[in-house]
Amino acid sequence: LRQRDRAPLIIDSKGIRSGPIVLQTQDVEGVQWGICSRTEYRFEVDRSFSLCVASSAVALPVWWNKRGIIAATWSLFRKQEETIPVTEMSSDQQEAVFQDIIDAVLHNIVPPLVRKLLRRIRGGQDVQVGPCTLSCSGIAFRATGSSTTKDCQVPWLVAETQMATGQVFVYSREDPKSMVSMAARDTYN
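Conventions we followed
Residues numbered from 1 in each chain as written. Predicted model: local features only at pLDDT ≥ 70, side-chain atom pairs only at ≥ 80, totals over all residues. Heavy atoms only, no water. Helix = DSSP H or I, 4+ residues; strand = E, 2+ residues; numbered from the N terminus. Buried < 20%, exposed > 50% of the residue type's maximum accessible area, 1.4 Å probe, protein only. Contact = heavy atoms within 4.5 Å. Areas by Shrake-Rupley, 256 points an atom, 1.4 Å probe, with all protein chains shown as cover. pLDDT = per-residue confidence, 0-100. Phe/Tyr/Trp six-rings, centres within 6.5 Å; stacked < 30°, edge-to-face > 60°. Salt bridge = Lys/Arg side-chain N within 4 Å of Asp/Glu carboxyl O.

The next point concerns the overall build of the protein. Each helix and strand counted, the protein has three helices and 13 strands in total. Residues counted as buried form 35% of the 189 residues belonging to the protein. A fraction of 44% describes how many contacts in the protein between residues 6 or more apart in sequence connect residues 24 or more apart. Accessible area for the protein stands at about 11,900 Å²; split by element, carbon and sulfur atoms hold 54% of it.

In this section: the confidence of the model for the protein. Chain-level pLDDT for the protein is 84 on average; 85% of the residues reach the 70-or-more range. The spread of mean pLDDT over the elements of the protein runs between helix 1 (residues 69-74), the lowest at 50, and strand 8 (residues 132-135), the highest at 96.

Attention now goes to the packing of aromatic side chains. Here the structure, examined in full by the defined rule, presents three aromatic pairs. When the ring of Phe49 is compared with that of Phe98, the centres are 5.4 Å apart and the planes differ by 55°; the resulting orientation is tilted. Here Phe49 is found in strand 5 (residues 43-54), whereas its partner Phe98 is found in helix 2 (residues 91-108), with 49 residues between them in sequence. Take Phe49 and Phe98: they sit in the same class, and that class is buried. With a centroid separation of 6.0 Å and an interplanar angle of 80°, the aromatic rings of Trp64 and Phe98 are classed as edge-to-face. In this pair, Trp64 sits in strand 6 (residues 59-65) while Phe98 sits in helix 2, placing the two residues 34 residues apart along the sequence. Both residues of the pair, Trp64 and Phe98, belong to the buried class.

Attention shifts here to the pattern of salt bridges. Taken as a whole and assessed by the stated rule, the structure comprises six salt bridges. Residue Asp151 is joined to Arg142 by a salt bridge in which the shortest nitrogen-to-oxygen separation is 2.8 Å. Here the two residues Asp151 and Arg142 agree in accessibility, since each one is exposed. Note that Asp175 is salt-bridged to Lys150, the shortest N-O span being 3.1 Å. Of the two residues, Asp175 is situated in the loop between strand 12 (167-172) and strand 13 (179-183) and Lys150 in strand 10 (residues 149-155); the sequence distance between them amounts to 25 residues.

This is the structure:
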């Protein structure tokens, strides 16, 4: 990935890097990503893509907004062999680039992170993911209804997750009304 005025983004089995920021896979503590779309009168007026990979010491954010009319006209003056910055690509091309980035993160960065988190949980440490606390016994969260709040402890065997409209929902198959949600874009997951 090459963004105008920014260093290339490199994601491989060693980690993720862009310019002076380098995160090795063993140092990664969290990953968050998402696409935010804003519509007015049923027309998309803005779309932004974001990814953030973080360690305990540093975060590497990657983001860009949908191209505008000025960026679209720059393509008329570009040399054929010149690399096109992602912000100047069509919306479909930007979406494809973002999916490739997420695929690279899921393939290279997430598996070592999951192994590390599982080691912590199996070692008796709790792991916080958004409003949920993961432990050996399951997932704990505070479910809020229209007029009630209750603390829930969901055993792993009946825990469920779903993703819709940019939200991750966590609930129990035995009691699906007791659930919690978190924005995937804003939560390290």
